[in-house]
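# Notes for the structure review
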Amino acid sequence: MARGRLITIEGLDGAGKTTLATSLQTELAARGIDVQLLREPGGVRAAERVRELVKDPELRIGARAEALLYAAARAQLVEEAVTPLLEAGTWVLLDRFVDSSLAYQGAGRQLGVEQVRAINEFATGALRPDRTLLLVVDPRVGRSRSRSRAEPVDRLEAERDDFFERIAAAYLELCSREPERVRRLDAGAPPDRVLESALAELADLL
């Protein structure tokens, strides 16, 4: 049995990751692909508990602790869900993965991209996505979209503008360093156009 594919979706809050992930799952399933959609942090019970911690605006969590909590949730998700699914031939769509930590904690929290990469190499067993779809949006637009949602603003969404500017720059740097893996999509386009572009960037894997 052929190993499944790991497709990750990245970008700032408000870029439209969840919308794209849901549409992409439907489209791939319609093509006869066995596909599972998971989110980060979360996806399995223990990781969902960690999600509650890192999102809680009432908690004070230091930058290093935050990076380690994300890595811990990721380790559990990979062990419990992602690896077994891939080995069974299932495609996994993952709403965020290691690149989020490189951008948010490595650059946003200024812990250092390579330092954060190291703890996530350990956490994931050096698992690499087959393709990463990066939704690029102006940080101000992303923040405006996030704040227009019905849900309360979480701990990270409450950060200042410069935090998100560092994250956006880090994502673009990751894209320039790994153009074969990371494919840039215009998050400002209508959802159907974004989906069309995403499928085009996955064409060689289909």
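See the structure above.
Read on for an overview of the structure. Each chain has its residues counted from 1, following the order in which its sequence is written. Per-residue local features are limited, in this predicted model, to residues with pLDDT of at least 70; the limit for side-chain atom pairs, both in listing and counting, is 80 or more; totals at the level of whole chains, interfaces and linings are taken over all residues. Excluded from the side-chain calculation are hydrogens and water; included are all heavy atoms of the structure.

Right, let's talk about the overall build of the protein for a bit. To qualify as a helix, a DSSP run of H or I must reach at least 4 residues; to qualify as a strand, a run of E must reach at least 2; elements of each kind are numbered from the N terminus. From N to C terminus, the protein includes eight helices and five strands. Going from the N terminus to the C terminus, the protein shows its helices and strands as β-α-β-α-α-β-α-α-β-α-α-β-α. In summary, the protein has a C-alpha radius of gyration of 16 Å against a globular reference of 17 Å for 206 residues, a match within 12%. Along the longest, intermediate and shortest principal axes, the C-alpha atoms of the protein span 45 × 35 × 35 Å. The classification of residues rests on relative accessible area computed with a 1.4 Å probe and restricted to protein chains. Under 20% of the type maximum is buried, over 50% is exposed, and intermediate values are partly exposed. Residue burial in the protein is summarised as follows: out of 206 residues, 49% are buried. Every residue pair with non-hydrogen atoms within 4.5 Å of one another is taken to be in contact. When contacts within the protein are restricted to residue pairs at least 6 apart in sequence, those whose partners lie at least 24 apart make up 78%. Positive charge is attributed to Lys and Arg, negative charge to Asp and Glu, and no charge count is given to His or to the chain ends. By convention, the charge on Lys lies at NZ, on Arg at CZ, on Asp at CG and on Glu at CD. Each charge class in the protein can be summarised by its mean position, and for the 30 positive and 34 negative side chains these summaries are 3 Å apart. The globule rule used here is 2.2 Å times the number of residues to the 0.38 power, and the radius of gyration it is set against is calculated over C-alpha atoms.

Look at the link from glutamate 40 to proline 41: it is a cis peptide, with omega at -20 degrees. Looking at the element boundaries, proline 41 is found in the loop between strand 2 (35-39) and helix 2 (45-55). If you check the backbone angles, glutamine 110 has positive phi at about 60 degrees while not being a glycine. For glutamine 110, the location among the structural elements is in the loop between helix 4 (98-108) and helix 5 (113-124). Look at glutamine 110 and you get exposed, because its relative accessible area is 58%.

Stacked, tilted and edge-to-face are the three classes applied to pairs of Phe, Tyr and Trp rings, where Trp contributes its six-membered ring and a pair requires centres within 6.5 Å; stacked means planes under 30 degrees apart, edge-to-face means over 60, and tilted covers the rest. Tallied over the entire structure, the rule returns two aromatic pairs. Taking the centre distance of 6.2 Å and the plane angle of 75 degrees together, the rings of tyrosine 104 and phenylalanine 163 count as edge-to-face. Of the two residues, tyrosine 104 sits in helix 4 while phenylalanine 163 sits in helix 7 (residues 161-177), which places them 59 residues apart along the sequence. Phenylalanine 163 matches tyrosine 104 in its accessibility class, with the two residues each being buried. For the pair phenylalanine 163 and phenylalanine 164, a centre-to-centre distance of 5.1 Å together with 85 degrees between the ring planes defines the contact as edge-to-face. For phenylalanine 164, a relative accessible area of 4% puts it in the buried group. Grouped by ring-pair contacts, the aromatic residues Tyr104, Phe163 and Phe164 constitute a single cluster.

Our focus in this paragraph is the packing of helix 3 (residues 63-87) against helix 4. To obtain an axis, a line is fitted to C-alpha atoms, over the contacting stretch when the element is a helix, and the angle between two such axes runs from 0 to 180 degrees between their N-to-C directions. Axis separation between helix 3 and helix 4 bottoms out at 11 Å; the angle between their running directions is 175 degrees. Viewed along their axes, helix 3 and helix 4 adopt a mutual orientation that is roughly antiparallel. Seen from helix 3, the contacting residues are Glu66, Ala67, Tyr70 and Arg74; seen from helix 4, they are Val98, Ser101 and Gln105. Of the residues belonging to the contact of helix 3 with helix 4, the class tally is three nonpolar, two polar and two charged. By the definition adopted for this analysis, an angle is roughly parallel if under 35 degrees, roughly antiparallel if over 145, roughly perpendicular if from 65 to 115, and oblique otherwise. Just so you know the grouping, Ala, Val, Leu, Ile, Met, Phe, Trp, Tyr, Cys and Pro go in nonpolar, Asp, Glu, Lys and Arg go in charged, and all remaining residues, Gly too, go in polar.

From the geometry alone we can't say anything about function, so treat these as descriptive.
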